[in-house]
Amino acid sequence: MKIARSLLGLACGLALALQSTGTSWAKAPPANPCAQIAAQLQQVAREAEISAPPSVGCEVLAEAEFATYHHQLAQALGLDLNLHSDSKILTALFIVPESYPYAECVVQASASGALALYDPLAKKLVIKENSNISELVILHELVHALQDEMLELRSYAHDPKLSFDQIMVRTALLEGHAIVISEALSSDKAGSSSEAPSAVVDSRCTPPKALATLFDYPYDFGTIVARRSRSGGGNAAIKKLLMRPPNSLLDLITGASNPVATLPRKHDSSACRQDTLGIALVQTIAKLVLNREDSLRIARRWVSDDVRVCLAKSGDEDSVWRVTWESEWQRESDAASFFQLLRRLIEREYQTSLNPDARYLVFSNSEGLQFTLRQTGLRVQFETQSSEII
Ligand SMILES: [Zn+2]
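This one's a predicted model, so the numbers in the text were calculated from it and none came from an experiment.

Caption draft 1: Broad picture of the overall build of the protein. What the protein contains, in helices and strands, is 14 helices and nine strands. Restricting to contacts in the protein with at least 6 residues of sequence separation, those with at least 24 account for 77%.

In structure tokens, the structure reads:
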């Protein structure tokens, strides 16, 4: 899903802005935030024990130009290709309401929240003018420049062949690493937050809570993993993880290689796209009705999943669509718990009540959306589609 590729790849300023902005320069911030880049690059290279690239470009752009740059980079990296189908997945899985204009908003929201970005194509740092940027953000972005030298970020984090789950793993490692290294160097780790991050330009684009949780996931989780890895095995341990990323977020959490179920792949239509969502999606959905601990407990029982989204081939792709999400669980009781969770979400979202004893439920809401929810042994299948069927 491109939410990972667009937001996670480009908007690390967003999460950082929320965590720590403002006055983290040891002295007054320099008039030109690019002035000390070469020295700061050597600083992060020493801290991370990674060879620095010979040079990294740096440019300061006014807010409007920064937004244009961000947008063009997103296009160049192919991040804007599947926005409509991603929007349907997120709607079907309760992450965004049907009314949220995801396709219009996602790149814009990411650009307006970001203070700076690292461009892996031009090999340069781009900073938003007058953003009162902290040294921490610059150091963070320079860690991405080191990672790019080591891993070639364009293919590492943006390869269209990677699943959403795999992108989440890589993004969590990249961001966690950048956060841990930059915090180790910054004079103000806590970050006194005197400046709010710039508001999203279009208020319709403010991300709903569950979407914000999903965007934050790799930063929060990645920081935990990177701290744990670096304190246990130093820079070598985290570099090893970066160079050989586990195949799923579950593997990254457990530090093991979990058996991967083989859900049937159905390449039946060019109008459909398939992906594996993994435990970040499961946990985000579970958090809509459960607390953090219980949602993690459910997510850890995930074995595999397969989401398929189909849009009308021509005509109104926004109104004719189908999302089918099949998941496999460790035990039948885990599948039953997840089935009940989805039942509760349908009930809550559409103000209805469904038979809690049934293992096969069919429901239509007043807008004509049709839902099918079924548990068979270890598997749960959930399908949502528009009233006009593909
Ligand atoms: Zn970042």
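Caption draft 2: Looking closely at helix 5 (residues 83-92). Judged by how many residues are buried, helix 5 sits mostly within the fold: seven of 10 residues are covered. Of the positions making up helix 5, those classed as buried are Ser85, Asp86, Ser87, Lys88, Ile89, Leu90 and Ala92. Taken from the residues just after helix 5, phenylalanine 94 is the one with a positive phi, measuring 70 degrees.

Caption draft 3: Geometry of the environment of aspartate 275. Position of aspartate 275 among the secondary structure elements: in strand 4 (residues 272-275). The class of aspartate 275 is buried, set by 24 C-beta atoms lying within 10 Å.

Caption draft 4: Up close: the sheet that holds strand 3 (residues 124-128). Across the sheet, three strands lie side by side as 1-3-2; this open sheet has mixed pairing. The outermost strands of the open sheet, each flanked by one partner alone, are strand 1 (57-61) and strand 2 (116-119). Strand-to-strand, the axes of this sheet are offset by a mean angle of 20 degrees, without reference to chain direction. Pairing of strand 2 with strand 3, which is carried by four bridges, proceeds in the antiparallel orientation. Counterpart to aspartate 119 in the pairing with strand 3 is lysine 124. Relative to strand 2, helix 7 (residues 135-151) is tilted by about 15 degrees, and along the sheet it contacts strand 2 and strand 3.

Caption draft 5: Structural view of the packing of helix 3 (residues 37-48) against helix 9 (residues 164-185). The N-to-C vectors of helix 3 and helix 9 enclose an angle of 110 degrees; their axes lie 10 Å apart at closest approach. With respect to helix 9, the element helix 3 is oriented roughly perpendicular. For the pair helix 3 and helix 9, the sense of crossing is right-handed. Contacts between helix 3 and helix 9 involve Gln43, Val44, Glu47 and Ala48 on the former and, on the latter, Ile181, Ala184 and Leu185. For the contact of helix 3 with helix 9, a count of residues per class yields five nonpolar, one polar and one charged.

Caption draft 6: Highlighting the packing of helix 12 (residues 279-286) against helix 13 (residues 292-299). Running from N to C, helix 12 and helix 13 cross one another at 140 degrees; their axes reach a closest spacing of 8 Å. Here helix 12 and helix 13 pass one another in a crossing that is right-handed. Along the contact surface, helix 12 presents Ile279, Val282, Gln283 and Ala286, while helix 13 presents Ser295, Leu296, Ile298 and Ala299. Tallied by class, residues from the contact of helix 12 with helix 13 come to six nonpolar, two polar and no charged.

Caption draft 7: Summary view of the pairing of strand 5 (residues 302-311). Taking burial as the measure, the 10 residues of strand 5 include 10 buried ones, the bulk of the element. Alignment of strand 4 against strand 5, held across four bridges, turns out to be antiparallel. From the neighbouring strand, cysteine 272 faces strand 5, where its bridge partner is cysteine 310. Note: strand 5 against strand 6 (residues 321-329), nine bridges, orientation antiparallel. The residue of strand 6 that forms the bridge with cysteine 310 is arginine 322.

Caption draft 8: Seen up close, the sheet that holds strand 5. Overall, antiparallel pairing links the six strands, which are arranged 4-5-6-9-8-7 in an open sheet. Every other strand in the sheet has two partners, leaving strand 4 and strand 7 (360-364) as the edge strands with one partner each. On average, adjacent strands in this sheet sit at an angle of 10 degrees to one another, irrespective of strand direction. As defined by bridge partners, strand 6 adjoins strand 9 (residues 379-385) across seven bridges and the pair is classed as antiparallel. When the bridges of strand 9 are listed, glutamate 326 appears paired with glutamine 381. Against the sheet, helix 14 (residues 332-350) makes contact with strand 6, strand 7, strand 8 (370-376) and strand 9, and its axis sits at roughly 165 degrees relative to strand 8, the strand it touches most.

Caption draft 9: Focus on the nonpolar core. Of all hydrophobic cores here, the largest spans 101 residues; its most connected members are Ala116 and Leu142. Viewed by domain, this core spans two of them, domain 1 (2-243) and domain 2 (272-385), each represented by three or more residues.

Caption draft 10: Fine view of the pairing of strand 3. Extensive coverage of strand 3 is indicated by the burial of four of its five residues. In this structure, strand 1 lies alongside strand 3, joined through five bridges in parallel fashion. If you follow leucine 61 over to strand 3, its bridge partner there is lysine 128. A loop of four residues connects strand 2 with strand 3, the two strands running antiparallel in sequence, and lysine 123 in this loop sits at a positive phi of about 55 degrees.

Parameters and conventions
- Residues numbered from 1 in each chain as written.
- Predicted model: local features only at pLDDT ≥ 70, side-chain atom pairs only at ≥ 80, totals over all residues.
- Helix = DSSP H or I, 4+ residues; strand = E, 2+ residues; numbered from the N terminus.
- Contact = placed C-beta atoms within 7 Å.
- Buried ≥ 20, exposed ≤ 12 C-beta atoms within 10 Å, placed from the backbone.
- Pairing = 2+ DSSP bridges.
- Axes fitted to C-alpha atoms, helices over the stretch in contact; angles between N-to-C directions.
- Parallel < 35°, antiparallel > 145°, perpendicular 65-115°, else oblique.
- Left-handed = near helix turned anticlockwise from the far one by under 90°.
- Nonpolar A, V, L, I, M, F, W, Y, C, P; charged D, E, K, R; others polar.
- Core = buried A, V, L, I, M, F, W, Y, C linked by C-beta atoms within 7 Å.
- Domains from an automatic or database assignment.

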